[in-house]
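Next come the chains, spelled out residue by residue.
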Amino acid sequence: MKKYAILTYWAKGMSNGTAPDENGPARLNEGNFNSSHKKSDNTVADLIRNEEGKIIQFISQVDALNYCIRLGWKLEQTLFESHEGFNSRDPYSSYIFILSKDE
């Protein structure tokens, strides 16, 4: 049986041909929480955290995807959304990866 998840990575500052910096954590939604569920520290519950519970900051969307692949997830589909367009001075972009894992 396959289990599915959504990996989202929100990036700011793709202008001037540069990759996003480390200011945006990734979220892995495995269907356990909706996007508004918060932890006691007021951060959303589906942010990717290390073993100590600290939010992991990824260098890029590919770094976040590679992290999930190391955990056994497989990439099914990729979606990209630019919130302000590529001609914006400081665009915001969402990378959405549909992942699966055999259980």
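Calculation rules
- Residues numbered from 1 in each chain as written.
- Predicted model: local features only at pLDDT ≥ 70, side-chain atom pairs only at ≥ 80, totals over all residues.
- Heavy atoms only, no water.
- Helix = DSSP H or I, 4+ residues; strand = E, 2+ residues; numbered from the N terminus.
- Buried < 20%, exposed > 50% of the residue type's maximum accessible area, 1.4 Å probe, protein only.
- Contact = heavy atoms within 4.5 Å.
- Areas by Shrake-Rupley, 256 points an atom, 1.4 Å probe, with all protein chains shown as cover.
- Arc of directions from axis to C-beta.

1. Focus on the overall build of the protein chain
In step 1: A tally of helices and strands in the protein chain yields one helix and four strands.
In step 2: When the helices and strands of the protein chain are read in sequence order from the N terminus, they spell out β-β-α-β-β.
In step 3: Counting only residues that meet the buried cut, the protein chain has 33% of its 103 residues in that class.
In step 4: Across the protein chain, contacts joining residues at least 24 apart in sequence account for 54% of those joining residues at least 6 apart.
In step 5: For the protein chain, the accessible area works out to roughly 6,600 Å², and carbon and sulfur atoms hold 50% of it.

2. Looking at helix H1 (residues 61-70)
In step 1: Among the residues of H1, Gln61, Ala64, Leu65, Tyr67 and Cys68 are the ones counted as buried. Looking down the long axis of H1, one finds its buried residues gathered within 155 degrees of arc, a one-sided arrangement.
In step 2: Where H1 terminates, the next one or two residues include Gly72, which has phi positive at roughly 105 degrees.

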